[in-house]
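Summary of the model geometry
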Amino acid sequence: TPTPPKGFRSGFVGIVGRPNVGKSTLMNVMVGQKIAITSPIAQTTRNRLRGVMTLPDAQVIFVDTPGIHKPHHELGKVLVKNARIAINSVDVTLFVVDGTSGLGRGDLFIADILKRSEVPIVLGINKADLQPEPKAQMIDISYQALADENGWPLCKFSAVTETGLDSLKGQLVERLEVGPYYYPPDLVTDQPERFIMGELIREQVLLHTREEVPHSVAVVIEAVEETPKITNVLATVYVERKSQKGILIGKKGSMMKAINTAAREQMQKLIAGKVYLEVFVKVQERWRQSRSHLAELGYRV
Ligand code: GDP
Ligand code: K
Ligand code: MG
(Lines give C-alpha, C1' and ligand atoms only; values in the text may rest on other atoms or scores of the structure.)
(Ligands and ions follow the chains in the order given, each with its own letter.)
Protein backbone atom coordinates (compact mmCIF):
# COMPACT_ATOMS: atom_id res chain seq x y z
CA THR A 1 0.00 0.00 0.00
CA PRO A 2 1.21 3.55 -0.78
CA THR A 3 2.43 6.04 1.82
CA PRO A 4 -0.52 8.28 2.71
CA PRO A 5 -0.34 12.06 2.22
CA LYS A 6 0.34 14.27 5.22
CA GLY A 7 -2.64 14.56 7.58
CA PHE A 8 -4.32 11.43 6.15
CA ARG A 9 -6.91 10.02 8.54
CA SER A 10 -8.07 6.44 8.80
CA GLY A 11 -10.03 4.09 10.99
CA PHE A 12 -12.99 1.82 11.55
CA VAL A 13 -16.61 2.95 11.67
CA GLY A 14 -19.18 0.50 13.01
CA ILE A 15 -22.68 0.86 11.52
CA VAL A 16 -25.33 -0.13 14.04
CA GLY A 17 -29.07 0.24 14.29
CA ARG A 18 -32.37 -1.60 14.26
CA PRO A 19 -33.03 -4.08 11.45
CA ASN A 20 -34.07 -2.50 8.13
CA VAL A 21 -32.95 1.07 8.79
CA GLY A 22 -30.63 0.79 5.77
CA LYS A 23 -27.22 -0.02 7.27
CA SER A 24 -26.14 -2.33 4.46
CA THR A 25 -27.54 -0.08 1.74
CA LEU A 26 -25.55 2.81 3.21
CA MET A 27 -22.32 0.83 3.33
CA ASN A 28 -22.72 -0.23 -0.30
CA VAL A 29 -23.23 3.35 -1.47
CA MET A 30 -20.30 4.59 0.61
CA VAL A 31 -17.87 2.08 -0.91
CA GLY A 32 -19.44 2.37 -4.37
CA GLN A 33 -20.11 -1.34 -4.87
CA LYS A 34 -22.67 -3.85 -3.74
CA ILE A 35 -20.78 -5.91 -1.21
CA ALA A 36 -23.58 -6.35 1.34
CA ILE A 37 -26.95 -7.75 0.40
CA THR A 38 -30.05 -5.79 1.33
CA SER A 39 -33.75 -6.57 1.54
CA PRO A 40 -36.89 -5.46 3.38
CA ILE A 41 -36.47 -8.52 5.63
CA ALA A 42 -34.91 -8.23 9.10
CA GLN A 43 -31.78 -10.34 9.62
CA THR A 44 -30.71 -10.04 6.01
CA THR A 45 -27.20 -9.28 7.28
CA ARG A 46 -25.70 -12.15 9.25
CA ASN A 47 -22.00 -11.41 9.30
CA ARG A 48 -19.84 -8.53 10.30
CA LEU A 49 -18.74 -7.27 6.91
CA ARG A 50 -16.08 -4.67 6.19
CA GLY A 51 -16.44 -2.13 3.43
CA VAL A 52 -13.53 0.14 2.58
CA MET A 53 -14.05 3.74 1.41
CA THR A 54 -10.88 5.47 0.30
CA LEU A 55 -11.00 9.26 -0.17
CA PRO A 56 -8.09 11.55 -1.13
CA ASP A 57 -7.56 12.49 2.53
CA ALA A 58 -8.94 9.51 4.43
CA GLN A 59 -9.72 5.83 4.49
CA VAL A 60 -12.84 4.75 6.33
CA ILE A 61 -13.43 1.07 6.98
CA PHE A 62 -17.12 0.50 7.61
CA VAL A 63 -18.17 -2.49 9.67
CA ASP A 64 -21.72 -3.46 8.75
CA THR A 65 -23.53 -5.39 11.44
CA PRO A 66 -26.74 -7.35 11.80
CA GLY A 67 -29.53 -5.25 13.30
CA ILE A 68 -29.68 -5.37 17.06
CA HIS A 69 -32.77 -7.12 18.42
CA LYS A 70 -33.74 -9.69 21.01
CA PRO A 71 -32.35 -13.12 20.02
CA HIS A 72 -34.62 -16.18 19.77
CA HIS A 73 -32.21 -18.91 18.71
CA GLU A 74 -28.50 -19.72 18.55
CA LEU A 75 -28.02 -17.90 15.24
CA GLY A 76 -29.74 -14.82 16.70
CA LYS A 77 -27.39 -14.87 19.69
CA VAL A 78 -24.35 -15.08 17.43
CA LEU A 79 -25.66 -12.11 15.42
CA VAL A 80 -26.27 -9.89 18.44
CA LYS A 81 -22.93 -10.85 19.99
CA ASN A 82 -21.17 -9.85 16.77
CA ALA A 83 -22.98 -6.51 16.75
CA ARG A 84 -21.85 -5.84 20.33
CA ILE A 85 -18.27 -6.73 19.42
CA ALA A 86 -18.48 -4.35 16.47
CA ILE A 87 -19.58 -1.53 18.79
CA ASN A 88 -16.56 -1.94 21.02
CA SER A 89 -13.84 -2.59 18.47
CA VAL A 90 -14.20 0.48 16.25
CA ASP A 91 -13.00 4.10 16.28
CA VAL A 92 -16.40 5.66 15.61
CA THR A 93 -19.93 4.28 15.77
CA LEU A 94 -22.51 5.41 13.24
CA PHE A 95 -25.92 4.85 14.80
CA VAL A 96 -28.43 4.73 11.96
CA VAL A 97 -32.12 5.39 12.53
CA ASP A 98 -35.07 5.34 10.15
CA GLY A 99 -36.38 8.80 9.21
CA THR A 100 -39.78 7.48 8.17
CA SER A 101 -40.78 7.19 11.82
CA GLY A 102 -39.75 8.82 15.09
CA LEU A 103 -37.52 7.58 17.89
CA GLY A 104 -38.86 4.26 19.17
CA ARG A 105 -38.19 1.62 21.78
CA GLY A 106 -35.86 -0.34 19.50
CA ASP A 107 -33.68 2.74 19.04
CA LEU A 108 -33.67 3.47 22.76
CA PHE A 109 -32.53 -0.09 23.49
CA ILE A 110 -29.52 0.47 21.23
CA ALA A 111 -28.92 4.00 22.53
CA ASP A 112 -28.60 2.52 26.02
CA ILE A 113 -25.86 0.16 24.85
CA LEU A 114 -24.08 2.99 23.04
CA LYS A 115 -24.17 5.35 26.01
CA ARG A 116 -21.97 2.88 27.85
CA SER A 117 -19.36 2.68 25.08
CA GLU A 118 -16.25 4.87 25.00
CA VAL A 119 -16.35 5.26 21.24
CA PRO A 120 -17.50 8.57 19.66
CA ILE A 121 -20.97 8.29 18.17
CA VAL A 122 -22.60 9.95 15.17
CA LEU A 123 -26.38 9.70 14.90
CA GLY A 124 -27.60 9.35 11.31
CA ILE A 125 -31.19 9.67 10.11
CA ASN A 126 -31.54 7.63 6.93
CA LYS A 127 -34.36 7.47 4.34
CA ALA A 128 -34.68 11.25 4.15
CA ASP A 129 -36.29 10.66 0.73
CA LEU A 130 -39.20 8.80 2.33
CA GLN A 131 -40.03 11.20 5.14
CA PRO A 132 -43.75 11.92 5.24
CA GLU A 133 -44.83 15.57 5.28
CA PRO A 134 -45.88 17.23 7.52
CA LYS A 135 -44.67 14.66 10.06
CA ALA A 136 -40.99 14.98 9.05
CA GLN A 137 -40.31 17.82 11.43
CA MET A 138 -41.69 16.00 14.48
CA ILE A 139 -39.68 12.93 13.55
CA ASP A 140 -36.47 14.94 13.28
CA ILE A 141 -37.13 16.64 16.60
CA SER A 142 -37.41 13.25 18.34
CA TYR A 143 -33.95 12.28 17.07
CA GLN A 144 -32.51 15.74 17.72
CA ALA A 145 -33.54 15.34 21.36
CA LEU A 146 -31.65 12.05 21.63
CA ALA A 147 -28.60 13.61 19.97
CA ASP A 148 -28.65 16.69 22.23
CA GLU A 149 -29.11 14.64 25.37
CA ASN A 150 -25.96 12.64 24.61
CA GLY A 151 -23.88 15.24 22.79
CA TRP A 152 -23.96 13.24 19.55
CA PRO A 153 -23.71 15.04 16.21
CA LEU A 154 -26.74 14.46 13.98
CA CYS A 155 -26.80 13.97 10.18
CA LYS A 156 -29.68 13.34 7.82
CA PHE A 157 -29.24 11.55 4.51
CA SER A 158 -30.65 9.05 2.05
CA ALA A 159 -28.66 5.98 1.07
CA VAL A 160 -30.92 5.52 -1.95
CA THR A 161 -31.00 9.02 -3.47
CA GLU A 162 -27.46 9.65 -2.12
CA THR A 163 -28.28 13.03 -0.60
CA GLY A 164 -26.53 14.30 2.52
CA LEU A 165 -23.70 11.80 2.23
CA ASP A 166 -20.85 14.31 1.90
CA SER A 167 -21.73 15.90 5.18
CA LEU A 168 -21.96 12.44 6.79
CA LYS A 169 -18.52 11.54 5.42
CA GLY A 170 -17.15 14.77 6.87
CA GLN A 171 -18.61 14.05 10.31
CA LEU A 172 -17.06 10.58 10.33
CA VAL A 173 -13.62 11.51 8.98
CA GLU A 174 -13.37 14.39 11.44
CA ARG A 175 -13.55 11.86 14.28
CA LEU A 176 -10.77 9.60 12.96
CA GLU A 177 -7.13 9.96 13.89
CA VAL A 178 -4.22 10.46 11.54
CA GLY A 179 -3.35 6.99 10.30
CA PRO A 180 -2.16 4.68 7.51
CA TYR A 181 -3.91 2.96 4.65
CA TYR A 182 -5.24 -0.18 6.30
CA TYR A 183 -6.16 -1.57 2.90
CA PRO A 184 -4.99 -0.86 -0.66
CA PRO A 185 -6.89 2.20 -1.97
CA ASP A 186 -8.67 0.20 -4.69
CA LEU A 187 -9.99 -2.50 -2.36
CA VAL A 188 -13.65 -2.25 -1.30
CA THR A 189 -14.07 -5.22 1.01
CA ASP A 190 -12.09 -7.75 3.01
CA GLN A 191 -14.51 -10.49 2.02
CA PRO A 192 -13.56 -13.00 -0.63
CA GLU A 193 -15.60 -12.97 -3.81
CA ARG A 194 -16.93 -16.43 -2.87
CA PHE A 195 -18.56 -15.09 0.25
CA ILE A 196 -20.31 -12.31 -1.66
CA MET A 197 -21.45 -14.82 -4.29
CA GLY A 198 -23.07 -16.92 -1.57
CA GLU A 199 -24.72 -13.82 -0.17
CA LEU A 200 -26.10 -12.87 -3.59
CA ILE A 201 -27.85 -16.25 -3.75
CA ARG A 202 -29.20 -15.80 -0.21
CA GLU A 203 -30.47 -12.34 -1.17
CA GLN A 204 -32.52 -13.79 -4.02
CA VAL A 205 -33.93 -16.47 -1.72
CA LEU A 206 -34.99 -13.69 0.67
CA LEU A 207 -36.58 -11.70 -2.13
CA HIS A 208 -38.39 -14.67 -3.74
CA THR A 209 -39.74 -16.56 -0.73
CA ARG A 210 -41.79 -15.60 2.28
CA GLU A 211 -42.56 -16.49 5.86
CA GLU A 212 -40.41 -19.17 7.38
CA VAL A 213 -38.17 -19.96 4.43
CA PRO A 214 -35.87 -16.87 4.40
CA HIS A 215 -34.43 -17.32 7.87
CA SER A 216 -33.93 -21.04 7.39
CA VAL A 217 -31.49 -20.67 4.54
CA ALA A 218 -27.71 -20.91 4.48
CA VAL A 219 -25.61 -20.90 1.32
CA VAL A 220 -22.24 -22.50 0.68
CA ILE A 221 -20.23 -21.87 -2.46
CA GLU A 222 -18.70 -25.28 -3.18
CA ALA A 223 -16.55 -24.38 -6.16
CA VAL A 224 -15.64 -21.45 -8.38
CA GLU A 225 -13.88 -22.36 -11.60
CA GLU A 226 -12.66 -19.58 -13.86
CA THR A 227 -12.21 -20.30 -17.53
CA PRO A 228 -11.26 -17.70 -20.14
CA LYS A 229 -14.88 -17.39 -21.29
CA ILE A 230 -17.00 -18.04 -18.24
CA THR A 231 -16.86 -18.52 -14.48
CA ASN A 232 -18.58 -21.68 -13.25
CA VAL A 233 -20.06 -21.45 -9.77
CA LEU A 234 -21.36 -24.45 -7.83
CA ALA A 235 -23.44 -23.71 -4.73
CA THR A 236 -25.48 -25.53 -2.09
CA VAL A 237 -28.46 -23.95 -0.39
CA TYR A 238 -29.23 -25.50 3.00
CA VAL A 239 -32.74 -25.43 4.41
CA GLU A 240 -34.03 -26.93 7.65
CA ARG A 241 -37.01 -28.92 6.40
CA LYS A 242 -38.08 -30.99 3.44
CA SER A 243 -41.12 -28.76 2.94
CA GLN A 244 -38.83 -25.75 2.58
CA LYS A 245 -36.82 -27.60 -0.04
CA GLY A 246 -40.03 -28.11 -2.00
CA ILE A 247 -40.90 -24.42 -1.81
CA LEU A 248 -37.41 -23.38 -2.91
CA ILE A 249 -37.39 -25.67 -5.90
CA GLY A 250 -40.94 -24.77 -6.89
CA LYS A 251 -43.25 -26.26 -9.51
CA LYS A 252 -41.06 -28.02 -12.07
CA GLY A 253 -38.09 -26.12 -10.67
CA SER A 254 -39.57 -22.71 -11.50
CA MET A 255 -38.68 -21.04 -8.19
CA MET A 256 -35.07 -22.21 -8.27
CA LYS A 257 -34.83 -21.11 -11.87
CA ALA A 258 -35.94 -17.57 -10.99
CA ILE A 259 -33.56 -17.40 -8.03
CA ASN A 260 -30.71 -18.75 -10.12
CA THR A 261 -31.27 -16.28 -12.97
CA ALA A 262 -31.41 -13.26 -10.67
CA ALA A 263 -28.42 -14.35 -8.56
CA ARG A 264 -26.40 -15.09 -11.70
CA GLU A 265 -27.08 -11.57 -13.03
CA GLN A 266 -25.85 -10.06 -9.75
CA MET A 267 -22.72 -12.24 -9.83
CA GLN A 268 -21.98 -11.14 -13.38
CA LYS A 269 -22.03 -7.54 -12.17
CA LEU A 270 -19.77 -8.44 -9.26
CA ILE A 271 -17.06 -10.07 -11.38
CA ALA A 272 -17.74 -8.13 -14.60
CA GLY A 273 -17.88 -11.34 -16.63
CA LYS A 274 -20.10 -14.25 -17.62
CA VAL A 275 -21.24 -16.68 -14.94
CA TYR A 276 -22.72 -20.17 -15.12
CA LEU A 277 -24.41 -20.98 -11.83
CA GLU A 278 -25.52 -24.37 -10.54
CA VAL A 279 -27.38 -24.55 -7.23
CA PHE A 280 -28.29 -27.65 -5.21
CA VAL A 281 -30.79 -27.58 -2.36
CA LYS A 282 -30.11 -29.78 0.69
CA VAL A 283 -31.95 -30.34 3.95
CA GLN A 284 -29.88 -29.93 7.12
CA GLU A 285 -32.19 -30.14 10.12
CA ARG A 286 -31.97 -27.41 12.73
CA TRP A 287 -28.75 -25.87 11.39
CA ARG A 288 -29.50 -22.61 13.17
CA GLN A 289 -29.44 -24.37 16.55
CA SER A 290 -26.08 -26.02 16.07
CA ARG A 291 -22.97 -24.01 16.88
CA SER A 292 -20.71 -26.46 15.08
CA HIS A 293 -22.82 -26.29 11.98
CA LEU A 294 -22.95 -22.48 12.17
CA ALA A 295 -19.15 -22.49 12.25
CA GLU A 296 -19.05 -24.86 9.29
CA LEU A 297 -21.29 -22.48 7.37
CA GLY A 298 -18.83 -19.67 8.00
CA TYR A 299 -20.39 -17.81 10.94
CA ARG A 300 -18.08 -16.50 13.64
CA VAL A 301 -19.61 -18.28 16.65
P1 GDP B 1 -30.40 -3.07 7.18
O2 GDP B 1 -31.20 -4.22 7.71
O3 GDP B 1 -30.31 -1.95 8.18
O4 GDP B 1 -29.06 -3.47 6.65
O5 GDP B 1 -31.26 -2.48 5.96
P6 GDP B 1 -31.08 -2.72 4.39
O7 GDP B 1 -29.88 -2.00 3.88
O8 GDP B 1 -31.18 -4.20 4.09
O9 GDP B 1 -32.36 -1.93 3.85
C10 GDP B 1 -33.66 -2.28 4.27
C11 GDP B 1 -34.64 -1.76 3.24
O12 GDP B 1 -34.66 -0.32 3.27
C13 GDP B 1 -34.28 -2.15 1.82
O14 GDP B 1 -35.46 -2.47 1.13
C15 GDP B 1 -33.63 -0.89 1.26
O16 GDP B 1 -33.77 -0.76 -0.12
C17 GDP B 1 -34.40 0.22 1.98
N18 GDP B 1 -33.62 1.46 2.14
C19 GDP B 1 -32.41 1.60 2.72
N20 GDP B 1 -32.00 2.89 2.72
C21 GDP B 1 -32.98 3.60 2.12
C22 GDP B 1 -33.16 5.00 1.81
O23 GDP B 1 -32.34 5.87 2.09
N24 GDP B 1 -34.32 5.33 1.18
C25 GDP B 1 -35.26 4.42 0.84
N26 GDP B 1 -36.35 4.84 0.20
N27 GDP B 1 -35.13 3.10 1.12
C28 GDP B 1 -34.01 2.70 1.76
K1 K C 1 -32.66 -5.81 5.91
MG1 MG D 1 -28.04 -5.24 6.69
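Remember, predicted model here, so these are calculated numbers, not experimental data.

Procedures and definitions
Residues numbered from 1 in each chain as written. Chains lettered and ligands numbered in written order. Predicted model: local features only at pLDDT ≥ 70, side-chain atom pairs only at ≥ 80, totals over all residues. Heavy atoms only, no water. Domains from an automatic or database assignment. Contact = heavy atoms within 4.5 Å. Buried area = accessible area lost by both parts, 1.4 Å probe. Salt bridge = Lys/Arg side-chain N within 4 Å of Asp/Glu carboxyl O. Polar contact = N/O pair within 3.5 Å; in protein donor to acceptor, adjacent residues only side chain to side chain. Donors = N, O, S within 2.8 Å, 3.2 Å for Na, K, Ca; no water. Helix = DSSP H or I, 4+ residues; strand = E, 2+ residues; numbered from the N terminus. Phe/Tyr/Trp six-rings, centres within 6.5 Å; stacked < 30°, edge-to-face > 60°. Buried < 20%, exposed > 50% of the residue type's maximum accessible area, 1.4 Å probe, protein only. Arc of directions from axis to C-beta. Near = heavy atom within 4 Å. Areas by Shrake-Rupley, 256 points an atom, 1.4 Å probe, with all protein chains shown as cover. Nonpolar A, V, L, I, M, F, W, Y, C, P; charged D, E, K, R; others polar. Pairing = 2+ DSSP bridges. Axes fitted to C-alpha atoms, helices over the stretch in contact; angles between N-to-C directions. Core = buried A, V, L, I, M, F, W, Y, C linked by side-chain atoms within 4.5 Å.

**As for the domain arrangement of the protein**
What the domain assignment lists for the protein is domain 1 (9–178) and domain 2 (193–296). Across the contact, 18 residues belong to domain 1 and 19 residues belong to domain 2. Buried surface at the junction of domain 1 and domain 2, summed over both partners, amounts to about 1,700 Å²; 58% is from carbon and sulfur atoms. Inspection of the region where domain 1 meets domain 2 yields 1 salt bridge. Here Glu 203 ties to Lys 34 by a salt bridge, and the two come within 2.6 Å at their closest N and O atoms. Inspection of the region where domain 1 meets domain 2 yields 4 residue pairs in polar contact (both at pLDDT 80 or more).

**Describing the coordination of the potassium ion (ligand 2)**
Protein ligation of the potassium ion (ligand 2) involves Asn 20 (OD1), Ser 39 (O) and Ile 41 (O), the donor distances falling in the range 2.6 to 2.8 Å. Spacing between the donor residues of the potassium ion (ligand 2) along the chain follows N-x18-S-x1-I. Between the potassium ion (ligand 2) and the magnesium ion (ligand 3), a separation of 4.7 Å is found.

**A word on the environment of Met 256**
As for its placement among the helices and strands, Met 256 is situated in helix H8 (residues 254–271). Sequence spacing of Met 256 and Gly 246 is 10 residues, and the spatial spacing of their C-alpha atoms is 9.9 Å. Residue contacts for Met 256: discarding those within four places in its chain leaves Leu 248, Ile 249, Val 279 and Val 281.

**As for the packing of aromatic side chains**
Taken as a whole and judged by the stated rule, the model has 3 aromatic pairs. Judged by centre distance (6.2 Å) and plane angle (80°), the rings of Phe 95 and Trp 152 are edge-to-face. Highlighted residues: Phe 95 in strand E4 (residues 92–98) and Trp 152 in the loop between helix H4 (136–150) and strand E6 (154–156), separated in sequence by 57 residues. Taken individually, Phe 95 and Trp 152 each receive the classification buried, so the pair is uniform in this respect.

**Focus on helix H3 (residues 105–115)**
Buried within H3 we find Asp 107, Ile 110, Ala 111, Ile 113 and Leu 114. Viewed along the axis of H3, the buried residues span an arc of 160°, placing them on a single side of the element.

**Focus on the site of ligand 1**
As a structural note, the neighbourhood of ligand 1 is formed by 17 residues, with Asn 20, Gly 22, Lys 23, Thr 25 and Asp 129 the closest of them. Between ligand 1 and Gly 22, the relevant distance is 3.0 Å, taken from an oxygen atom to a main-chain nitrogen or oxygen of the residue. Ser 24 places a main-chain nitrogen or oxygen 3.0 Å from an oxygen atom of ligand 1. Contact with the protein chains covers 85% of the free accessible surface of ligand 1, which is 580 Å². It is helix H1 (residues 23–31) that provides the largest number of residues to the shell around ligand 1, a total of 3 residues. Broken down by class, the residue content of the shell around ligand 1 amounts to 6 nonpolar, 8 polar and 3 charged.

**With respect to the sheet that holds strand E10 (residues 275–283)**
One open sheet accounts for 3 strands, arranged E8-E9-E10; its pairing is mixed. At either end of the open sheet lies a strand with only one pairing partner, and these are strand E8 (218–226) and E10. The average angle at which neighbouring strand axes cross in this sheet is 15°, direction not considered. Pairing analysis gives 8 bridges linking E8 to strand E9 (residues 231–239), with the strands arranged antiparallel.

**So, the nonpolar core**
Of all hydrophobic cores here, the largest spans 53 residues; its most connected members are Leu 26, Phe 62, Leu 168, Ile 201 and Leu 248. Each of domain 1 (9–178) and domain 2 (193–296) contributes no fewer than three residues to this core. Ignoring any residue separated from it by four or fewer positions in sequence, one finds Leu 26 in contact with Leu 94, Val 96, Phe 157, Ala 159, Leu 165 and Leu 168. In this structure, Val 16, Ala 83, Phe 95 and Val 97 belong to the second largest nonpolar core, which totals 18 residues.

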